[in-house]
Protein chains: 4
Amino acid sequence: MIKIGIIGAGRIGKVHGEGVTYGVKNAVVKAIADPYMNADTEKWAKELGILHCYSDYHQILDDPEIDAVMVCSSTDTHADISIEAIRAGKHVFCEKPISQDLNKIKEVMEELKKSNVKFQVGFNRRFDHNFRAVKSAVEAGKVGDVHLIKVTARDPEAPPVEYVKTSGGMFLDMTIHDFDMVCFLSGSKVNEVYAAGAALVNPDIAKVGDIDTAIITMKMENGAIAVIDNSRQAVYGYDQRAEVFGSKGQVAVANDTGSTAVLSTVDGITGEKPLYFFLERYMESFSREVSEFVDAVVNNSEVPVDINAGLQPILIAVAAKKSLDENRPVKISEIQF
Amino acid sequence: MIKIGIIGAGRIGKVHGEGVTYGVKNAVVKAIADPYMNADTEKWAKELGILHCYSDYHQILDDPEIDAVMVCSSTDTHADISIEAIRAGKHVFCEKPISQDLNKIKEVMEELKKSNVKFQVGFNRRFDHNFRAVKSAVEAGKVGDVHLIKVTARDPEAPPVEYVKTSGGMFLDMTIHDFDMVCFLSGSKVNEVYAAGAALVNPDIAKVGDIDTAIITMKMENGAIAVIDNSRQAVYGYDQRAEVFGSKGQVAVANDTGSTAVLSTVDGITGEKPLYFFLERYMESFSREVSEFVDAVVNNSEVPVDINAGLQPILIAVAAKKSLDENRPVKISEIQF
Amino acid sequence: MIKIGIIGAGRIGKVHGEGVTYGVKNAVVKAIADPYMNADTEKWAKELGILHCYSDYHQILDDPEIDAVMVCSSTDTHADISIEAIRAGKHVFCEKPISQDLNKIKEVMEELKKSNVKFQVGFNRRFDHNFRAVKSAVEAGKVGDVHLIKVTARDPEAPPVEYVKTSGGMFLDMTIHDFDMVCFLSGSKVNEVYAAGAALVNPDIAKVGDIDTAIITMKMENGAIAVIDNSRQAVYGYDQRAEVFGSKGQVAVANDTGSTAVLSTVDGITGEKPLYFFLERYMESFSREVSEFVDAVVNNSEVPVDINAGLQPILIAVAAKKSLDENRPVKISEIQF
Amino acid sequence: MIKIGIIGAGRIGKVHGEGVTYGVKNAVVKAIADPYMNADTEKWAKELGILHCYSDYHQILDDPEIDAVMVCSSTDTHADISIEAIRAGKHVFCEKPISQDLNKIKEVMEELKKSNVKFQVGFNRRFDHNFRAVKSAVEAGKVGDVHLIKVTARDPEAPPVEYVKTSGGMFLDMTIHDFDMVCFLSGSKVNEVYAAGAALVNPDIAKVGDIDTAIITMKMENGAIAVIDNSRQAVYGYDQRAEVFGSKGQVAVANDTGSTAVLSTVDGITGEKPLYFFLERYMESFSREVSEFVDAVVNNSEVPVDINAGLQPILIAVAAKKSLDENRPVKISEIQF
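Position numbers for residues start from 1 in each chain and track the written sequence from start to end. Here every chain gets a letter starting at A, and every ligand a number starting at 1, in the order they are written. Where totals are concerned, whole chains, interfaces and linings use all residues; where local detail is concerned, this predicted model gives features only for residues with pLDDT of at least 70, and gives and counts side-chain atom pairs only at 80 or more. Calculated side-chain values reflect all of the structure's heavy atoms, with hydrogen atoms and water omitted.

Trainee: Lay out the domain arrangement of chain A with the relevant residues and their values.
Mentor: All names here are of chain A. What the domain assignment lists for chain A is domain 1 (2–117) and domain 2 (126–277 + 312–334). Where each domain begins and ends is defined by an automated method or by a domain database. With centres defined by C-alpha atoms, the gap from domain 1 to domain 2 works out at 28 Å. In this description, contact between two residues means that some pair of their heavy atoms is separated by no more than 4.5 Å. Across the boundary between the two partners, domain 1 contributes seven residues, which contact eight residues of domain 2. Values labelled buried area give the accessible surface lost by two parts on being combined, using a 1.4 Å probe and summing over both. Of the roughly 600 Å² buried at the junction of domain 1 and domain 2 (both faces included), carbon and sulfur atoms supply 72%. Contact with domain 2 buries surface across domain 1, with K96, Q100 and L102 losing the most and accounting together for 74% of the total. Each salt bridge in this description consists of a side-chain nitrogen of Lys or Arg and a carboxyl oxygen of Asp or Glu lying within 4 Å of one another. For the interface between domain 1 and domain 2, the tally reads zero salt bridges. Side-chain atoms alone can form a polar contact between residues adjacent in sequence; in general such a contact is a pair of N or O atoms within 3.5 Å, and within protein one must be able to donate a hydrogen while the other accepts it. The interface formed by domain 1 and domain 2 includes one residue pair in polar contact (both at pLDDT 80 or more). For this classification, the nonpolar set comprises Ala, Val, Leu, Ile, Met, Phe, Trp, Tyr, Cys and Pro, the charged set comprises Asp, Glu, Lys and Arg, and every other residue, Gly included, is treated as polar. Counted by class, the side of domain 1 that touches domain 2 contains four nonpolar, two polar and one charged residues.

Printed below as a string of structure tokens:
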């Protein structure tokens, strides 16, 4: 039974608090820290049996009983807190992205070289039942050599322009999951990326230098070609699909819905919309990724998403932004790291 | 926070133990009792934080801190233990069926009249997301007046003949859920039933006087006609579907699968089989039904499946057996109660 | 190249006129006869290249160049005209049902014994791509031994009460196709039938002694159990489905639609309704059944739906009506023939 | 009733011969010409009632009774024969592509300016029930402003390398239909194209300078972004899908199959593969496009696919090839015309 401290009590920190408590064997959350710790969070923690609520996360790092920390703080603090945690000898589960600053990631990597702790990045979709089914089929050779990878990812509603301003841009904020999925499903890295994008949902997003709609093409190291289509606003809900096509066929996954109910009336044959957003859609994957992290800690085995895997989508996102800005295909090797 | 004692530590008792612990708010399992209590069960209980393991369920009934019991013992003991629990002032969640003996059910009903405790029957499928979606559509008037109700229920494999011998027959053992579903989805009671059945899966089942395949037609009090088709063995897995058809249209639910993955090869376009059996398929419904039971206890409100609702499927099952034996439609009013 | 005369220029006569002209090889329609022959029909015939329009069908029977006739007149004349045609040495394609009078069918059968002409009954659904796919899977042993056969057949709108009065009742008028389908898909005959029915769509249909909604259960000679559900009015369109379930699995067919288009909006995920009614849904099957009839004539081989096959659904319909009237299962052997 | 002459008696010429004869009102094929006219073709023509078979197409152009010609000869002769036919005062239905030589297209356009004949290009997929359903939904505003257009087009098997050599390349030979579809479905022209492609199916295709797999991104004049994915070999059959996504939702079409049959066994839940190839999949569209051509001739109205519409996909294909060769996005305005 390992003891976990959660750093950051925002939405994702709470998701992990509940996920570990109700869905992860061999682990318990001992403490949670947040600079804005308040009575509501304390009440929530008490109900889950979390013993300590701190406003300073160093109290977690200083607790010798705590084996592992989950870094769920704001993105710009992920790398520095990770480094502190590694130095304190804690295993680290770090939410994605590790950092938007490639130098910071390098620092974390160097710190890890000097340490024996486990470090896992929170690309939860790799643990989703649908995407795992695709991955399994590909690995089992059911589609043969991979030729095409297609990922559709559309959010149900665009974020406020204020959020967009500080988000790092759509590629780093939203598409990063899809870049990871392309690598995961193909079992290959990206060589070159070409991005076409525009602000079609909300023109104000263009005013702050971002886009909300994109088609991104990637040439993979193994010769396959991948494509992602993104929109910040699919009014029918969170659209999360993927296809892998190869020499022996194709495997594809469609959206999950709340039920299989189909209503047939004079107006047509109508099924349910996809599950609304990532909390509804990917809830199980959040506890599964932590379960595998805990297993890696307990068994001293490899984590399923290491820092190199966590780095790739960031490199692709940076290259995609460059491609968009310069309207040309950009090689990953052009990105300084 | 109410305290629950579970009586019976077999498969369904353990399902409820985990369901309450991980999925039900405002309730905790304090004790579990089973005449065959053993070290494995004690270990399982300890991991869940269940404090007491007894071999005599009276220790649960005698514990004044325990507010409610869940009767998960063998079917032939449901009624007697329920009566004892009611007399001990405990709220009762009783697994289905209450009894195969109609007189025993009458005794429970009479005991309840003298008491103020809540009594809920474990027809868990009413809490399943798919069947709830059908029920909601029907109640919202989306199919208009109900004309036809169709339920398909097929198990993935037939039980051993030894089990069949003591099961009470397919109608009381398996179809009972479907009889309940017909009542639940139509919002009506059954007037008359006609059953056609045979042992087509395993002829040995006929030798012990039972069937494994059936079509059962029911005339409902509200004028609608219902039909159930059953098989003890669908080799492709647990087949659980329903349709309600009416003056304004139809609502139908299909099977749930482990993922939406579809594989396209030279051999065809292939999706996943249904979730294997009831534990996989209906897991969420087990904690939902208990959540609503706990809510009813906490708020002193109506339970969602009371003893009258629990009685109906048993009456229909008895009538269906009589119909099968006499090869004629049988009215529910012919059944002595 | 055989020459065909069509007797009856109503809806189905015209469907066959066009079907033979545009879709049947080795055959041409030489003449069409109808007591109400008019200018519109003559214009229609001219466009198709049909040379002769008669008001007396005897002109067709008297034409030595005509090899085969298609009896598309009103149901009550099918048998007598068939007999005349057989006596005239013409091959006969007779629309379903042969007759609602079992004695008349016997007369046709006796006439056939004295003759060498081909006689085919117009159960067109046997030639439909969907039902053929089910039949092929069953015959190829893909579902193993057949245990259950399910047919859903619902019309898009109820006929006028005036029509119902003279229709022979829903079983002979509408369900007759489904009775045929049960025999066709199972490869077996019906032993016993139990029908539950009511006038739920239009109570006026009850006033003229008929029903519009039914569940009909059949025990088959091969031990399987079959069930049909019918409604005269599915507001979402013509609902035509079937399932055959057996020891090795199930084959099922769903409705056909005008396109595969699916619209996803805030209101849900909506597909097209089924093709509206039998002309849209079964058009191809009308020319296919005649093609096979023509092949049988040209090659002097067996017709695909002979008079015995044409008789079965009528016997079942009569038994089903008796079952409904007497509220008991009725054996086919109880029907005098 | 207009009289048609078909020039070219290869596969597509025969498809049109049968399509006009059996499926087009107000038109009849009077003659067919082919330099390799032979007994088989003459027999085929006789069965269809086509009166004349010529080896020199000028006999068709010289026949004053013939109102329109269908140019179904080899691609390199389309333009010249079209020009001759226009000069002879014949309406022209020209198979796609008009020419692979942009100058030749210009010549045809100039000839048309001096004439009053109708000229239609054979982009048959615009007449397919699925793509028409998408187009209708888009035009009816059901998806709002168009943001993304996605077309999947994969052939069931790669052509021989010998064919590939003279095909003009995949973009002009195969993708040209998809370029047309992107324009048709979006109601907009393409501004810029970026193509990523490789020979992944058959490396020998690379040796003759072509590709067999591609992702092509297009920026549309109306601001939308389009993407096509192509493969020369989908082993599960002809994969023909499209999606249009916009501010109010999405409309998507899936593949057509021979039946809706689904087989459920221990191996999974298996549906039919798509219809095998373009003859099976698009047969109805061939007679529909000619019906609309004939209507335009008879009513002196606009043809549905004029020469400007026929030109666009060729310009896009040329730009896509340039993009592939130079690995950069290419503007359509860069292409000399």
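Additional details are given in the paragraphs that follow.
Trainee: How would you summarise the state of the cysteines if you had to cite specific residues and measurements?
Mentor: To count as a disulfide, a pair of cysteine sulfur atoms needs to be within 2.5 Å. All chains considered together, the criterion is met by zero disulfides over all chains. Between C183 of chain A, a cysteine without a disulfide, and C94 of chain A, which holds the nearest cysteine sulfur, the sulfur-to-sulfur distance is 18 Å. For C183 of chain A, a relative accessible area of 10% puts it in the buried group. Among the cysteines around C94 of chain B, which has no disulfide bond, C72 of chain B carries the closest sulfur, lying 8.6 Å off. Overall, the relative accessible area of 0% leaves C94 of chain B in the buried class. Under the scheme applied here, a residue whose accessible area is under 20% of the maximum for its type counts as buried, over 50% as exposed, and between as partly exposed, the area being computed with a 1.4 Å probe on protein chains only.

Trainee: Now, about the interface of chain D and chain A: what can you tell me, with residues and values included?
Mentor: Each side of the interface is counted separately: chain D has 39 residues, and chain A has 39 residues. Summed over both partners, the interface of chain D with chain A comes to about 2,900 Å²; 64% of that surface belongs to carbon and sulfur atoms. Where chain D packs against chain A, one counts six salt bridges. With a shortest N-O distance of 2.7 Å, K150 of chain D and D229 of chain A are connected by a salt bridge. Linking chain D to chain A there are 18 residue pairs in polar contact (both at pLDDT 80 or more).

Trainee: Tell me about the interface of chain A and chain B, and name the residues and values.
Mentor: Contacts between chain A and chain B engage 25 residues on the former and 25 residues on the latter. Between chain A and chain B, roughly 1,700 Å² of surface is buried when both sides are summed, and carbon and sulfur atoms account for 52% of that area. On the chain A side of the interface with chain B, the three residues burying the most area are Y22, T260 and L263 of chain A, jointly 30% of the side's total. Here chain A and chain B share eight residue pairs in polar contact (both at pLDDT 80 or more) between them. Secondary structure elements are defined from DSSP: runs of H or I of at least 4 residues count as helices, runs of E of at least 2 residues count as strands, and each element is numbered from the N terminus. Broken down by secondary-structure element, the contributors of at least two residues to the side of chain A that touches chain B are α1 (11–23), α6 (129–139), β12 (249–253) and β13 (262–265) of chain A. Broken down by element, the residue count for the side of chain A that touches chain B peaks at five residues, all from β12 of chain A.

Trainee: Tell me about the sheet that holds strand β3 (residues 52–54) of chain A, and please be specific about residues and values.
Mentor: Residues and elements named next belong to chain A. Should DSSP find at least two bridges between two strands, the strands are regarded as paired. One open sheet holds the six strands; their spatial order is β3-β2-β1-β4-β5-β6, and the pairing between them is parallel. Pairing within the sheet leaves two strands with one partner each, and these edge strands are β3 and β6 (119–121). Averaged over all adjacent pairs, the angle separating strand axes in this sheet is 25°, with direction ignored. Looking at chain direction, strand β4 (residues 68–71) and strand β5 (residues 91–94) are connected through four bridges and run parallel. By the bridge assignment, M70 is partnered in β5 with F93. Lines fitted to C-alpha atoms define the axes, with helix axes restricted to the stretch in contact, and inter-axis angles between N-to-C directions lie between 0 and 180 degrees.

Trainee: Got a sec to walk through helix α5 (residues 102–113) of chain A? Specific residues and values, please.
Mentor: Residues and elements named next belong to chain A. Here the expected length of a helix is defined as 1.5 Å per residue gap, with one fewer gap than residues. An ideal rise of 1.5 Å per residue puts 16 Å on 12 residues; α5 measures up with 17 Å between its terminal C-alpha atoms. When we look at burial in α5, the residues that qualify are L102, I105, V108, M109, E111 and L112. Among the structural elements, α4 (78–87), β6 and α11 (307–326) are those in contact with the buried residues of α5. At the N-terminal boundary of α5, the capping side chain belongs to D101, with an oxygen 2.8 Å from the backbone nitrogen of N103.

Trainee: Quick one: what's the story with the packing of aromatic side chains, residue by residue and with numbers?
Mentor: Classification of ring pairs uses Phe, Tyr and Trp, with its six-membered ring standing for Trp, and accepts pairs whose centres are within 6.5 Å; under 30 degrees between planes counts as stacked, over 60 as edge-to-face, and the remaining range as tilted. Summed over all chains, the structure comprises 34 aromatic pairs over all chains. Between F277 of chain A and F278 of chain A, the aromatic rings sit 5.3 Å apart at their centres with planes inclined by 80°, giving edge-to-face as the arrangement. Look at F277 of chain A and you get partly exposed, because its relative accessible area is 21%. Taken together, the ring pairs in this structure connect F131, Y238, Y276, F277, F278 and Y282 of chain A into an aromatic cluster. In this structure, R154 of chain A packs its charged tip against the face of F245 of chain D, placed 4.3 Å from the ring centre. A cation sits over an aromatic face here: K14 of chain C above W44 of chain C, 5.7 Å from the ring centre. Definition used: whenever NZ (Lys) or CZ (Arg) falls within 6 Å of the ring centre and also within 35 degrees of the ring normal, the charge is taken to sit over that ring.

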